[in-house]
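Fold and geometry: a report
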Amino acid sequence: MKVLIINPGATSTKIAVFDEDTQIFKKGIDHSAQELDRFDRVIDQADFRQKAILDAVAQGGFRLTDFDAVCGRGGLYRPIPSGTYAVSDAVMRDVEQAPYGEHPSNLGAYLARRIGDMVGIPAFFVDPVCVDEMTEVAHYTGFAPFRRLCQFHALNQKSIGRKAAGLLGKKYEETNLVVCHLGGGVSVAAHEQGRVVDVFNVKDEGSMGLDRGGALPVNALISYCFSGKTKDEVKKTLGRQSGMYSYLGTTDFRVICAKVVEGDAKFTEAYRALVYQLSKDIGAMAAVLHFDVDAIVYTGGMAYEEFFCNDITKFVGKIAPVLRLPGEEEMRSLAEGALRVLHGQQQAGVY
């Protein structure tokens, strides 16, 4: 069976074609700032991105009738359990109205459904960032009106969790893991017997990332918010200009690591702070699992830097064995999710 995969990002749309578990085509379609700036909302980009996808599919020598299904990356939808979901009318409405937030990934399922409907084939999405399997006690904060939000790199975390369990000779549903997604955003999660029971929300808490602040001192944050800045200015600064960028002026982890190797004092100190914060997050998630951890797993683009992972392991290596599985498998994970439904191995979830 052939599946068309759609993964919209901030400045590109990635597509791929899988024939069963073999990727036979892939293409990254870049979008300039000038092209995207003319759209006020993410949903307004739908026609533009759909045309780019259809053109790329045709240029790749495929017809829509060649595919058995279309699967798109999921976005900021309402909290749902992990799984493969059929793109329902409710999903389409939520993408159009964006009650849970605007992000280009919202369009993955939306475009999958529109393209699938053109030839009458099913459309799916798999493990969006809003997957929430956290225990109720994990949703508690320190203030009753606030509830912890579960948003993380669910697609890659789940895929890597299954892969890590296989390397350990176990089923994912029988394994306890602490998985660290180390990319442009970072998320550290406790995987207990096939469920992510707690996670440091990539947007609000835990370690800083390359451009996000992570957990920040409450009183300092209050003062900053009332320093004459607008809400949009605060969100932009803390969401896109914080983290390592605020210390070093770059989000390129390769540059950061090169400077550390050179012995640059400023870069080395910030790098050590990142290692330190991530190590604390791993320790916290290990505690969630009662320190009954089969493995700690590093994944994402930053995990290609072996010495970076080794530096984290110096803090946490006594907790459990460590696996380094760098990179992301988003496109393959989407294809595998769709194929599990197409082959009758699982039923598509209802949103």
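Residues numbered from 1 in each chain as written. Predicted model: local features only at pLDDT ≥ 70, side-chain atom pairs only at ≥ 80, totals over all residues. Heavy atoms only, no water.

**A word on the pairing of strand β11 (residues 322-326)**
Rules: Burial classes: relative accessible area under 20% of the type maximum marks a residue as buried, over 50% as exposed, and values in between as partly exposed (1.4 Å probe, protein chains only). A run of H or I in DSSP becomes a helix once it reaches four residues, and a run of E becomes a strand once it reaches two; helices and strands are each numbered from the N terminus. In short, DSSP must find at least two bridges between two strands for them to pair. Every crossover in which the path from the first strand over the helix to the second runs clockwise, viewed with the strands pointing away from the viewer, is termed right-handed.
Alternating positions in β11 separate cleanly, L323 and L325 being buried on one face and V322, R324 and P326 remaining unburied on the opposite face. In this sheet, β11 lies alongside strand β10 (residues 295-300) in parallel orientation, the contact comprising five bridges. Considered in β11, the bridge of T299 is made with L325. Taken together, β10, helix α11 (residues 306-316) and β11 form a β-α-β motif whose crossover is right-handed.

**So, the side chain of T299**
Our working rule: Distance and chemistry together define a polar contact, namely a pair of N or O atoms within 3.5 Å, with one atom able to donate a hydrogen and the other to accept it when in protein, and with adjacent residues in sequence counting only for side-chain atoms on both sides. Every residue pair with non-hydrogen atoms within 4.5 Å of one another is taken to be in contact.
Here T299 lies in strand β10. Residue class for T299 comes out buried when judged on its relative accessible area of 0%. Polar contacts involving the side chain of T299 include one to the main-chain carbonyl oxygen of L325, which spans 3.0 Å. At 3.0 Å, the side chain of T299 forms a polar contact with the backbone oxygen of G327. Leaving out residues up to four positions away in the same chain, T299 has contacts with N156, I160, V179, C180, H181, L182, L325, P326 and G327.

**Here's the deal with the pairing of strand β3 (residues 22-30)**
Pairing of strand β2 (residues 12-19) with β3 involves eight bridges; the strand directions are antiparallel. Bridge pairing in β3 links A16 to K26. The loop that links β2 with its antiparallel partner β3 comprises two residues; one of these, E20, has a positive phi angle of about 55 degrees.

**Regarding unusual backbone geometry**
With a phi close to 50 degrees, A98 is a non-glycine residue in the positive phi region. Structurally, the position occupied by A98 is in the loop between α3 (89-97) and α4 (107-119). A98 gets classed as buried once you look at its relative accessible area, which sits at 13%. Here the phi dihedral of H290 falls at roughly 55 degrees; this positive angle occurs in a residue that is not glycine.

**A closer look at the sheet that holds β2**
We apply this condition: Angles shown run from 0 to 180 degrees and are taken between the N-to-C directions of axes, each axis being a line fitted to C-alpha atoms and, for helices, limited to the stretch in contact.
Here we have six strands laid out as an open sheet, ordered β3-β2-β1-β4-β6-β5, and mixed in their pairing. Strands with a single pairing partner mark the edges of an open sheet, and in this sheet they are β3 and β5 (84-86). Taken over all neighbouring pairs, the strand axes of this sheet differ in orientation by 25 degrees on average, direction set aside. When β5 meets strand β6 (residues 123-126), the two strands line up antiparallel, connected through three bridges. Residue T84 lies in a different strand from β6, and its bridge partner there is V126. Strands β1 (2-8), β4 (69-73) and β6 of the sheet are contacted by α4, whose axis makes an angle of about 165 degrees with β4.

**Brief notes about the environment of K229**
Checked against the element boundaries, K229 lands in the loop between α6 (218-225) and α7 (231-240). Excluding its chain neighbours within four sequence positions, the residues that come into contact with K229 are Y224 and V234.

**A short note on the sheet that holds β10**
The five strands lie next to each other as β9-β8-β7-β10-β11, forming an open sheet whose pairing is mixed. Looking at strand neighbours, the two that pair on one side only are β9 (195-199) and β11, the edges of this open sheet. Direction aside, the axes of adjacent strands within the sheet are offset by 25 degrees on average. Those strands touched by helix α5 (residues 154-167) are β7 (176-182), β8 (186-192), β9, β10 and β11, and its axis lies near 130 degrees from that of β7. Sheet strands touched by α11: β7, β10 and β11. Its angle to β10, the strand with the most contacts, is close to 155 degrees.

**Quick word on the state of the cysteines**
Defined simply, a disulfide is a covalent bond joining two cysteines at their sulfur atoms. Threshold: The disulfide criterion used throughout: a pair of cysteine sulfur atoms within 2.5 Å.
One pass over the structure, following the stated rule, counts zero disulfides. Sulfur of C71: no disulfide; nearest cysteine sulfur belongs to C130 and is 14 Å away. Given a relative accessible area of 0%, C71 falls into the buried group.

**Section: the nonpolar core**
So the rule is basically this: What is meant by a nonpolar core is a set of buried Ala, Val, Leu, Ile, Met, Phe, Trp, Tyr and Cys residues, joined one to another through side-chain atoms within 4.5 Å.
Formed by 36 residues in total, the largest nonpolar core has its most connected members in V178, Y298 and F308. Listing elements by their share of this core, those giving two or more residues are β7, β8, α8 (243-248), α9 (253-262), α10 (265-288), β10 and α11. Per-element accounting of this core gives the leading share, nine residues, to α10. Grouped together as the second largest cluster of nonpolar side chains are 35 residues, V17, V57, I80 and L111 included.

**Looking at a nonpolar patch on the surface**
Note the following rule: Residues with no salt bridge and a relative accessible area higher than 30% make up the patches, which join like charges within 9 Å and nonpolar side chains (Val, Leu, Ile, Met, Phe, Trp, Tyr) within 5 Å. The protein chains shown are the only cover counted for residues, whose accessible areas, like all others here, come from Shrake-Rupley with a 1.4 Å probe. Whenever Lys or Arg places a side-chain nitrogen within 4 Å of a carboxyl oxygen from Asp or Glu, that contact is recorded as a salt bridge.
A cluster of nonpolar side chains, V218, I222 and F226, forms an exposed patch at the surface whose accessible area comes to about 350 Å². Relative to the assigned elements, V218 resides in helix α6.

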